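# Close look at the chain arrangement
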Amino acid sequence: MNERSAEVGALAPDFELQDQHGTPVKLSGFRGRKVVLVFYPLAFSGVCHGELSALRAFDADAQLLTVSVDSLFTHRAWADQEGYAFPLLSDFWPHGQVARAYGVFDETKGFAKRGTFVIDGAGVIRWSVVNPIGQARDVADYIKALADIS
């Protein structure tokens with residue numbers, strides 16, 4: 001297991017990944033806006049489906065970015081099936097590189113743990129939580145963390 005390298009108070013590691021449409025998305029491109037960065041293990045799995053479905057109605061003053069090791073083609077199929085309009089970013093290759101930078105890659109299983117990072121407009125991590133693979137996160141926690149950022 002990795003130790004977390006992206007701690008509260010630190011500058012969020014920048015990255016560029018492709019979304020479900022093949023469009024490059026760069027974290028630093030959202031400077032000036034709050035970002036909720038959500039890592040999840042795998043598309044089409046039960047807990048992930050529940051979490052991302054709850055995020056479908058996410059209506060906060062922040063950009064939602066979700067990341068898994070699935071390919072952009074898997075993300076596209078899942079987004080189309082479920083109606084996800086937010087970016088589903090592919091950390092496929094190099095496999096799990098961004099999850100590793102955030103300290104949430106499970107080396108044994110080969111995918112990300114359930115890590116969430118709330119990032120302020122300056123790119124600083126202001127809140128984070130990492131849940132075990134089978135334990136869903138509560139979207140209300142994200143909303144509260146965002147409200148606490150001025």
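Details of the structure are given in the entry above.
Throughout what follows, the structure given in this document is the object of discussion. (Residues numbered from 1 in each chain as written. Predicted model: local features only at pLDDT ≥ 70, side-chain atom pairs only at ≥ 80, totals over all residues. Heavy atoms only, no water.)

In this section: the pattern of salt bridges. A side chain with one charge may pair with a side chain of the opposite charge, provided their charged atoms come close. What the rule picks out here adds up to 4 salt bridges. A salt bridge links aspartate 120 to arginine 126; the nearest nitrogen and oxygen atoms lie 3.4 Å apart. By relative accessible area, arginine 126 is classed as partly exposed at 38%. Two residues, lysine 144 and aspartate 148, come together in a salt bridge whose shortest N-O distance is 3.2 Å. Considered together, lysine 144 and aspartate 148 belong to a single accessibility category, that of exposed residues. (Salt bridge = Lys/Arg side-chain N within 4 Å of Asp/Glu carboxyl O. Buried < 20%, exposed > 50% of the residue type's maximum accessible area, 1.4 Å probe, protein only.)

All right, on to the pairing of strand S4 (residues 63-68) then. The buried fraction of S4 is high, at 6 of 6 residues. Neither face of S4 is open: one carries Gln63, Leu65 and Val67, the other Leu64, Thr66 and Ser68, and all of them are buried. You can see the chain leave S4, run along helix H2 (residues 72-82) and come back into strand S5 (residues 88-90), and the turn it takes is right-handed. (Helix = DSSP H or I, 4+ residues; strand = E, 2+ residues; numbered from the N terminus. Right-handed = clockwise from strand over helix to strand, strands pointing away.)

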